[in-house]
Amino acid sequence: MDLAKRYYAQLLLMKSRFPMEEGGSLQVPFIWFVLFISFCFCFLFYYSFILFHSILFSIKSAFTHFQWAAYPFQYIRNNTDASKYSAIDFDSSSLTFYTNVFLAQAQECILEKSLVDHRKNLVIAKIAIYLRDIYKLCREILESSEFLRLCDIKSDIYGAIAMIELGEKADQDKKMGLRLSYYQVAAKHVKSALKLCEKDKRTTLKQAVNFVNDIVTAKETNAQKENDFIYHEKIPRHDELDIVEGVCMVKAIELDPTDPSIAGDDLFSGLIPMKALKSVSFYSEEKAKLKRSVIERVEKKNKDEYLISLQLDEIHIDESVDEMKLPDMLLERSAAFTSHPDSFPDLLDKLQRVLVIIFLSLLL
């Protein structure tokens, strides 16, 4: 399972380095068999099947991986122009079918866990009703195939389970007539599933349907006897039963292929595209040009008359401070400033007056 996820991540890393998609110089078709028919798909669609073919070790693991498996199909449908490919699997309805099937199987994991944990009957019923409805939606996309019959069978089975749970809730609420009505609806679902199973060769599927049929038959028979001899409650018509909405507890989850815990070490880290090498070379050359230009400007300034005008040669830095002789011009300016001790205070006073005038003008 981890190896399959890493394989998926490495494919994406490889895609970023090699133009392998449609129109790319290294375009690669992938071929595999689906329902005994060979299909040729592009590199993008190949990603979608990687997660689905992971080995699932537990209900929790299956729940997560089915949602991961649904995401690529949803992404292709919503974010790519998949209809341009000739394969029927790229049709929007087909991608919707794949997405719904994987999400339905994730919901089945929740239903199984809920049954094992003995959750409330109404909760289980809502989970099962969603499965009944989603498989109805799946079968509407199909025209004629083995999957069409399977979707019908699953829809009926989960419809029966939902009605059983609603019947159990009615039993807890002491509504025996309502209980019997729900069991009768469950029996209708099971009879429909049994009829569809007659043409199906899968033994495990028939066993599952027969198991549900045994439960429904026993509950309906017992509820009928108890209502006839003990409770004598009115049995609501099937169209009078309360409508219970299904609850979806799953969604397509994006697998982050950049997560190091999933991708592992990049197998192609040592491969650098020629375009990147050219870009690095160009950057280094431009950087060297800029550096040379700055150095030339500094050297030019060093040789310029500007430094001579500073008379830096008259300052002997190596001499002590006491022996250091300052330039004559600097000494003259210092003497002139010292002879007028009030010059600086007068300047500050004038500046303060100007600021006061500006402030008053702003207030007015």
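Residues numbered from 1 in each chain as written. Predicted model: local features only at pLDDT ≥ 70, side-chain atom pairs only at ≥ 80, totals over all residues. Heavy atoms only, no water.

- Under the annotation held in an unreviewed UniProt entry, the protein carries the name BRO1 domain-containing protein and is attributed to Dracunculus medinensis.

**Points about the packing of helix α7 (residues 176-197) against helix α8 (residues 203-231)**
Here's step 1: Following both chains from N to C, one finds α7 and α8 inclined at 150°, their axes separated by 9 Å at the closest point. Judged by the inter-axis angle, α7 sits roughly antiparallel to α8. Here α7 runs over α8; the crossing is left-handed.
Here's step 2: In the contact of α7 with α8, the residues fall into 15 nonpolar, six polar and five charged. (Axes fitted to C-alpha atoms, helices over the stretch in contact; angles between N-to-C directions. Helix = DSSP H or I, 4+ residues; strand = E, 2+ residues; numbered from the N terminus. Parallel < 35°, antiparallel > 145°, perpendicular 65-115°, else oblique. Left-handed = near helix turned anticlockwise from the far one by under 90°. Nonpolar A, V, L, I, M, F, W, Y, C, P; charged D, E, K, R; others polar.)

**Structural notes on the confidence of the model for the protein**
Here's step 1: On average, the protein scores 82 in pLDDT, and the residues at 70 or more come to 80%.
Here's step 2: Ranking the helices and strands of the protein by mean pLDDT puts α7 first, with 96, and strand β2 (residues 37-41) last, with 38.
Here's step 3: This model gives residues 34-48 a pLDDT under 50, and the stretch forms 50 contacts once residues within four places in sequence are excluded. (pLDDT = per-residue confidence, 0-100. Contact = heavy atoms within 4.5 Å.)

**Regarding a nonpolar patch on the surface**
Here's step 1: Nonpolar side chains collect at one region of the surface, where Phe 337, Phe 344, Leu 347, Leu 348 and Leu 351 lie side by side and expose about 510 Å² of accessible area between them.
Here's step 2: At four residues, helix α13 (residues 343-363) tops the list of elements feeding residues into the nonpolar patch.
Here's step 3: Among the secondary structure elements, Phe 344 is positioned in helix α13.
Here's step 4: Overall, the relative accessible area of 46% leaves Phe 344 in the partly exposed class. (Patch = residues over 30% accessible without salt bridge, like charges linked within 9 Å, V, L, I, M, F, W, Y side chains within 5 Å. Areas by Shrake-Rupley, 256 points an atom, 1.4 Å probe, with all protein chains shown as cover. Salt bridge = Lys/Arg side-chain N within 4 Å of Asp/Glu carboxyl O. Buried < 20%, exposed > 50% of the residue type's maximum accessible area, 1.4 Å probe, protein only.)

**Quick word on the pattern of salt bridges**
Here's step 1: On inspection of all chains with the given rule, the structure shows 15 salt bridges.
Here's step 2: For the salt bridge of Glu 240 with Arg 237, the shortest nitrogen-to-oxygen distance reads 2.9 Å.
Here's step 3: Given the relative accessible area of 52%, Arg 237 is considered exposed.
Here's step 4: Here Glu 286 ties to Lys 289 by a salt bridge, and the two come within 3.7 Å at their closest N and O atoms. Taken as a pair, Glu 286 and Lys 289 lie in helix α10 (residues 274-302) at a separation of three residues, close to a single helical turn.

**Comments concerning the packing of aromatic side chains**
Here's step 1: On inspection of all chains with the given rule, the structure shows six aromatic pairs.
Here's step 2: Ring plane angle 50° and centroid distance 6.2 Å describe the contact between Phe 97 and Phe 147, whose orientation is recorded as tilted. Here Phe 97, found in helix α4 (residues 92-116), pairs with Phe 147, found in helix α6 (residues 146-172); they are 50 residues apart in sequence, far enough to count as distant.
Here's step 3: Given the relative accessible area of 7%, Phe 97 is considered buried. (Phe/Tyr/Trp six-rings, centres within 6.5 Å; stacked < 30°, edge-to-face > 60°.)

**Some remarks on α4**
Here's step 1: The end-to-end C-alpha separation of α4 is 36 Å, in line with the 36 Å expected for 25 residues at 1.5 Å each.
Here's step 2: Burial analysis of α4 places 18 of its 25 residues in the buried class, which makes it a mostly covered element.
Here's step 3: Count one or two residues on from α4 and you reach His 118, which has phi positive near 55°. (Expected span 1.5 Å × (residues − 1).)

**Quick look at unusual backbone geometry**
Here's step 1: Positive phi outside glycine occurs at His 118, with the angle close to 55°.
Here's step 2: Of note, Lys 174 is a non-glycine position whose phi angle comes to about 65°, a positive value.
Here's step 3: Positionally, Lys 174 belongs in the loop between α6 and α7.

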